Amino acid sequence: MTDSRMTDTSSPVWHPFTQHGLNEAQPLIDRADGATLTCRDGSELIDGISSWWVVTHGHCHPPIISAIREQAEKLDQVIFAGFTHEPAERVAKGLIRLTDRHLPSHDPLSPDPLTHVFFSDSGSTSVEVALKMALGYWHRHARDHGGKPRHRIIVMEHSYHGDTIGTMSVGARGVFNQVYTPLLFDVTTIPYPAAGREQAMLDALEAACRAAHDPADKPAALIVEPLILGSGGMLFYSPATLKAMAQICAAYDVLFIADEVMTAWGRTGTLFACEPAEITPDILCLSKGMTGGSLPLAATLARRKIFDAHVSDDRADMFFHSSSFTANPIACAAAAANIAIWESEDMPARIASRGAAMQQHIDRLSTHKAFTNARRMGAIAAIDLITTGENGYMADVAPKLRAFFLERGLLLRPLGNTIYVLPPYCISDTQLNQIFTAIDEAGHLFGS
Ligand SMILES: *Cc1c(COP(=O)(O)O)cnc(C)c1O
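The paragraphs below set out a description of the structure included in this document. Position labels on residues start from 1 in each chain and follow its written sequence. Where local features are concerned, this predicted model is filtered to residues with pLDDT of at least 70; where side-chain atom pairs are given and counted, the filter is 80 or more; whole-chain, interface and lining totals use all residues. Just so you know, side-chain values use all the structure's heavy atoms and leave hydrogens and water out.

### Details of the overall build of the chain
Our working rule: Helix and strand definitions here come from DSSP, where helices need a minimum of 4 consecutive H or I residues and strands a minimum of 2 consecutive E residues; each element is numbered from the N-terminal end. Radius of gyration here is computed from C-alpha atoms only, and the compact-globule reference equals 2.2 Å multiplied by the residue count raised to the power 0.38. Only protein chains enter the accessibility calculation, which uses a 1.4 Å probe. A residue is then buried if its area is under 20% of the maximum for its type, exposed if over 50%, and partly exposed in between. Whether two residues touch is decided by their heavy atoms; if any such pair falls within 4.5 Å, the residues are in contact. All accessibility values rest on the Shrake-Rupley procedure with a 1.4 Å probe; residue burial counts only the protein chains present in the view. Under this rule, positive means Lys or Arg and negative means Asp or Glu; His and the chain ends count for nothing. For charged residues, the charge sits on one atom: NZ in Lys, CZ in Arg, CG in Asp, CD in Glu.
When you go through the chain residue by residue, the secondary structure sums to twelve helices and 16 strands. A compact globule built from 448 residues would reach a C-alpha radius of gyration of about 22 Å, and the chain, at 22 Å, matches this within 12%. Per-residue burial over the chain gives 52% buried out of 448 residues. If you take every contact in the chain between residues at least 6 apart in sequence, the share linking residues at least 24 apart comes to 71%. Accessible surface, the chain as shown: approximately 19,900 Å² in total, 55% of it carbon and sulfur. Seen as two clouds, the 36 positive and the 49 negative side-chain charges of the chain have centres 1 Å apart.

Right, here's the structure in full:
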């Protein structure tokens, strides 16, 4: 390992999810192309996690970069309250077109399609916006139809929705938010539907929706990551289970919020993870892959009834949310280019081809006695390392694995003892071979 890969202790930069006291190696990245990152010293890394789940087509994807370049010379930024611009209009129309095409718009339980797009700039803010929209809807509903405004949110065990106070409140409680728990609001948690225990989760959801213990405390919304709980350890569940959840929410008039910040843009094999479940959520959160992973941007899509709840001749009814960079034109241009790719290229076929290649590796590793729970959905493969030590996010083995992979020129970042591969869709067979050969080796070295 060369000097440029070591921590520069004189740097004033405070990094995310980084324990600066451990002086772990910190490569300085100069360039990126496709699935490859190039360090300052010229060494290369294969980006096995899409730079934290954002890059979809590959780094510096030419059509996206040229859209950014063109937009940057025309309009860099403009206030979005009371003003609009062409890239944002294009993206909003594109998102509605895509949801219309890929999600059922004539769901008999909730016949109203997604009609409105609210922009923000990160996955966390898209979720904050979703929660505020849900509460705004019930506030107006109580005023117009009587009853109490609803505030309670139902969440799933092991979920992750972001790192702000609001999104930590609806996410799993653990070491990452222990310090802040006095500030987190109370939620109702239903179990993760592990294989064979789906009904227990559905029963818990139904009980929470019915709120029999306190009819005045009916929940406002359920928020869930469809099909895969990402940060919770790449935990999968089926489209049938997802659909059953949406049906319970519709039956009890509880808003269904799909946090597709990680799952959308093809990660689970289809454009949206809600697609195979044939459901349309009441509110849909998108970010990460929306610009192909090139620039920060997020969108929260809502059904008409939620938009309408914020429309009247009273200014006090408006939706009180904004980010300084709401719908930044350059980020929107990147998102528009990404939408154009999804509308002109056979992305599901490309993802299926990468998925099939990963499946062969996963099948091979499933017989490795250091591993258990080998799984794959779309372009996400995961496997759990059997260790004698602590498991979970703080497992001692995680930083050791990370360093081991880095030494082999691979960017992989295990979640505790769960090793996962979530690559850009341009990754080659050779690159996948390198990744899975190293995982195999890691099993021999670190497994028990
Ligand atoms: C990453 C993630 C978020 C948070 O997105 P940021 O852009 O990091 O704020 C929210 N929800 C899910 C499911 C995510 O994976």
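And the narrative resumes.
### Digging into the layout of surface pockets
Where we set the bar: Think of a 1 Å grid over just the protein atoms. A cavity is a set of points where a 1.4 Å probe fits yet cannot get out, a pocket is an open set with protein on both sides within 12 Å along at least five of seven lines, and lining residues have an atom within 4 Å of a point. Grid points are joined across faces, edges and corners, and a volume is the space filled by probe spheres set on the points. Gly falls in the polar group here, along with every residue not listed as nonpolar (Ala, Val, Leu, Ile, Met, Phe, Trp, Tyr, Cys, Pro) or charged (Asp, Glu, Lys, Arg).
Its volume calculated, the second largest pocket comes out at about 770 Å³. Forming the boundary of the second largest pocket are 28 residues, of which Phe80, Val117, Phe118, Phe307 and Phe319 lie nearest the centre. When residues of the lining of the second largest pocket are traced back to their parent elements, those giving at least two are helix 3 (86-102), strand 4 (114-120), strand 12 (298-303) and helix 8 (304-308). Among the elements that line the lining of the second largest pocket, the one with the most residues is strand 4, at five residues. When grouped by side-chain class, the residues that make up the lining of the second largest pocket number 16 nonpolar, eleven polar and one charged.

### Regarding the site of the ligand
The condition is simple: Working definition: residue near molecule or strand if any one of its non-hydrogen atoms lies within 4 Å of it. Throughout this description, a polar contact denotes any pair of N or O atoms lying within 3.5 Å of each other; where both atoms belong to protein, one of them has to be capable of donating a hydrogen while the other can accept it, and for residues adjacent in sequence the pair is counted only when both atoms sit in side chains.
Around the ligand lies a shell formed by Trp53, Ser122, Gly123, Ser124, Tyr160, His161, Gly162, Glu225, Asp259, Val261, Met262 and Lys288. A distance of 2.6 Å is found between an oxygen atom of the ligand and a side-chain nitrogen or oxygen belonging to serine 124. Contact distances for the ligand include 2.7 Å between an oxygen atom and a side-chain N or O atom of lysine 288. Partitioned by chemical class, the residues of the shell around the ligand number four nonpolar, five polar and three charged.

### Comments concerning the sheet that holds strand 13 (residues 371-377)
Note the following rule: Strands qualify as paired when DSSP identifies two bridges or more between them. Here an axis means a line fitted to C-alpha atoms, over the contact stretch when the element is a helix, while the angle between two N-to-C directions is reported on a 0 to 180 degree scale.
The three strands are arranged 13-14-16 in an open sheet whose pairing can be described as antiparallel. Sheet topology places strand 13 and strand 16 (418-421) at the edges, where each strand pairs with a single neighbour. Each strand of the sheet is rotated relative to its neighbour by a mean of 15°, with strand direction disregarded. Bridge count between strand 14 (residues 380-385) and strand 16: four bridges; the pairing is antiparallel. Directly across from isoleucine 383, in strand 16, lies its bridge partner isoleucine 419.

### Considering the pairing of strand 7 (residues 219-224)
Of all six residues making up strand 7, six are buried, and the element is well covered by its neighbours. One ladder, built from four bridges, connects strand 5 (residues 152-156) with strand 7; its direction is parallel. The partner of arginine 152 across the bridge, within strand 7, is proline 219. As defined by bridge partners, strand 7 adjoins strand 10 (residues 255-259) across four bridges and the pair is classed as parallel. Bridge pairing in strand 10 links valine 224 to alanine 258.

### Concerning the environment of leucine 103
Summarising the element assignment, leucine 103 is placed in the loop between helix 3 and strand 4. Once the C-alpha coordinates of leucine 103 and alanine 273 are considered, the two residues, 170 residues apart in sequence, prove to be 9.8 Å apart. Non-local contacts of leucine 103, meaning those with residues more than four positions away in its chain, are made with Leu98, Leu114, Phe272, Cys274, Glu275, Ile279, Thr280 and Pro281.

### Considering the side chain of asparagine 177
In this structure, asparagine 177 sits in the loop between helix 5 (165-169) and strand 6 (188-190). What makes asparagine 177 buried here is its relative accessible area of 3%. Excluding its chain neighbours within four sequence positions, the residues that come into contact with asparagine 177 are Met168, Ala172 and Leu184.

### A short note on the sheet that holds strand 2 (residues 36-39)
Spatial ordering of the open sheet is given by 1-2-3-15, a layout of four strands whose pairing is mixed. A single partner strand is all that each edge strand has here, and the edge strands are strand 1 (29-33) and strand 15 (410-411). As judged from the two bridges shared by strand 3 (residues 44-47) and strand 15, these two strands associate in the parallel manner. Looking across to strand 15, one finds that isoleucine 46 is bridged to leucine 410.

### Some remarks on helix 3
Count 3.6 residues to each turn of an α-helix, and residues three or four apart come out pointing the same way. Applicable threshold: Take the number of residues in a helix, subtract one, and multiply by 1.5 Å to get its expected span.
Relative to the 24 Å expected for 17 residues at 1.5 Å per residue, helix 3 spans 24 Å between its end C-alpha atoms, a close match to the ideal helical length. Every buried residue of helix 3 is accounted for by Pro87, Ala88, Val91, Ala92, Gly94, Leu95, Ile96, Leu98 and Thr99. The inward-facing, buried residues of helix 3 abut helix 2 (62-72), strand 4, strand 11 (283-286), strand 12 and helix 9 (329-344).

### With respect to the packing of helix 2 against helix 9
The line we're drawing: Helix crossings fall into two classes, left-handed where the near helix is turned counterclockwise from the far one by less than a right angle and right-handed where it is turned clockwise.
Orientation of helix 2 relative to helix 9, taken along the N-to-C sense of each, is 145°, at an axis distance of 8 Å. Between helix 2 and helix 9 lies a crossing whose hand is right-handed. Across from Pro63, Ile64, Ala67, Ile68, Gln71 and Ala72 in helix 2, the residues of helix 9 making contact are Pro329, Ile330, Ala333, Ala334, Ala337, Asn338 and Ile341.

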